[in-house]
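Commentary on secondary and tertiary structure
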Amino acid sequence: ATLEGDRLLAGINTVLTRNLNGGAGLTSGEIAFTDRNGLTTALNLTADDVGGSLDELVNTINDQLAAAGNTLALSTNSSGNGLRITDNGTGTGNFTVSGKLADELQIAVSNVASNTANGTNLQKKWVGLGTSMNVFNNGDSPGSGTIRITDGTGSTQEIDISREFENVSDFLNFLNTRPNIDI
């Protein structure tokens, strides 16, 4: 039998879009960009477009805007926690970004008279020691089974999990009692 799962890693200096907005992720749909030249470009992004990494989504949007002749472009803001909109054209009007996806990306702006605007924090999903184990399995605490752990030194060990854990701290304490594993 073959077991397939979701993508786990986004890449260096990026995040999976499903981990944005506190883990709610993004939905597909329309986002509209009006540059300072007055050109409006409406993009209809699919689930595949919004289902990968944030960098992949930004590249998709930027490629489609450029292909349409729109002078707006997205990049990561200087804090690394959101997006920045830049108008690279020579227009003197105001730019606007709107739509449900713009709201989810925290970049919905209206009548911006400068060449740049910063979106707000995209609220990446956080996990702490007190995080309930229920968040990792669609509301059900992960059950029993075997997991393979590789620690920072490269030591690998298969561990039989025969009980449920209340939170991340309980699980890490259990793992750290296993011989030859240091997490």
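Placed above this text is the structure.
Residues numbered from 1 in each chain as written. Predicted model: local features only at pLDDT ≥ 70, side-chain atom pairs only at ≥ 80, totals over all residues. Heavy atoms only, no water.

This paragraph deals with the overall build of the chain. Summing up its helical and strand segments, the chain has four helices and nine strands in all. Over its C-alpha trace the chain gives a radius of gyration of 21 Å, far above what one expects of a compact globule, namely 16 Å for 183 residues. By principal-axis analysis of the C-alpha atoms, the chain measures approximately 65 × 35 × 30 Å. Counting across all 183 residues of the chain, residues that qualify as buried make up 36%. Residue pairs at least 24 apart in sequence account for 51% of intrachain contacts in the chain once pairs closer than 6 positions are excluded. When the accessible surface of the chain is split by element, carbon and sulfur atoms take 46% of a total near 10700 Å². If you average the places of the 10 positive and of the 20 negative side-chain charges in the chain, the two averages end up 4 Å apart. (Helix = DSSP H or I, 4+ residues; strand = E, 2+ residues; numbered from the N terminus. Rg over C-alpha atoms; globule rule 2.2 N^0.38 Å. Buried < 20%, exposed > 50% of the residue type's maximum accessible area, 1.4 Å probe, protein only. Contact = heavy atoms within 4.5 Å. Areas by Shrake-Rupley, 256 points an atom, 1.4 Å probe, with all protein chains shown as cover. Lys, Arg positive; Asp, Glu negative; His and termini not counted. Charge placed at Lys NZ, Arg CZ, Asp CG, Glu CD.)

The next thing to look at is the side chain of Thr41. Take Thr41: it is sitting in strand E2 (residues 40–45). One polar contact links Thr41 to Asn70, side chain to side chain, over a distance of 3.1 Å. Excluding residues that lie within four positions of it along the chain, Thr41 makes contacts with Ile31, Ala32, Phe33, Leu65, Ala68 and Asn70. (Polar contact = N/O pair within 3.5 Å; in protein donor to acceptor, adjacent residues only side chain to side chain.)

For the rest of this paragraph, the subject is the nonpolar core. By size, the foremost hydrophobic cluster in this structure holds 27 residues, and its most contacted members are Ile31, Phe33, Ile61, Val97, Leu105 and Ile107. Elements with a minimum of two residues in this core: strand E1 (29–34), E2, helix H2 (54–67), strand E3 (72–76), strand E4 (83–87), strand E5 (95–98), helix H3 (100–104) and strand E6 (109–112). Per element, the largest residue contribution to this core is five residues, and it comes from H2. One finds Met133, Ile149, Phe165 and Phe171 within the second-largest nonpolar core, a separate group that totals nine residues. (Core = buried A, V, L, I, M, F, W, Y, C linked by side-chain atoms within 4.5 Å.)

Strand order in the open sheet formed by four strands is E2-E1-E5-E6, and the pairing between neighbours is antiparallel. What marks the edges here is a single partner per strand, and that holds for E2 and E6. Pairwise comparison of adjacent strand axes, ignoring direction, gives a mean angle of 10° for this sheet. Here H2 sits on the sheet in contact with E1 and E2, set at roughly 140° to E2. (Pairing = 2+ DSSP bridges. Axes fitted to C-alpha atoms, helices over the stretch in contact; angles between N-to-C directions.)

Going through the model one piece at a time under the given rule, you end up with two aromatic pairs. Relative to Phe171, the ring of Phe165 has its centre 5.2 Å away and its plane inclined at 65°; by these criteria the two rings are edge-to-face. Considered together, Phe165 and Phe171 belong to a single accessibility category, that of buried residues. Taking 5.1 Å as the distance between ring centres and 50° as the angle between the ring planes, the aromatic pair formed by Phe165 and Phe174 counts as tilted. Side by side, Phe165 and Phe174 carry an identical accessibility label, which is buried. Among the aromatic residues, those joined into a ring-pair cluster are Phe165, Phe171 and Phe174. (Phe/Tyr/Trp six-rings, centres within 6.5 Å; stacked < 30°, edge-to-face > 60°.)

Not every positive phi belongs to a glycine, and Asn21 is a case in point at roughly 55°. Tracing the chain through its elements places Asn21 in the segment before E1. The residue Gln123 is not glycine, and still its phi comes out positive at about 50°. Secondary-structure assignment places Gln123 in the loop between strand E7 (116–118) and strand E8 (145–150).

What follows concerns the pattern of salt bridges. This structure, assessed with the given rule, holds two salt bridges. We note a salt bridge from Lys100 to Glu104, for which the minimum N-O separation is 3.8 Å. Linking Lys100 with Glu104, this pair stays in helix H3, spanning four residues, or about one helical turn. On the basis of relative accessible area, Lys100 is assigned to the exposed category, the value being 52%. Among the salt bridges present, the one from Arg148 reaches Glu158, with a minimum N-O distance of 3.0 Å. Within this pair, whereas Arg148 is found in strand E8, its partner Glu158 is found in strand E9 (residues 156–161), the two being separated by 10 residues in sequence. The exposure class of Arg148 is exposed, given its relative accessible area of 58%. (Salt bridge = Lys/Arg side-chain N within 4 Å of Asp/Glu carboxyl O.)

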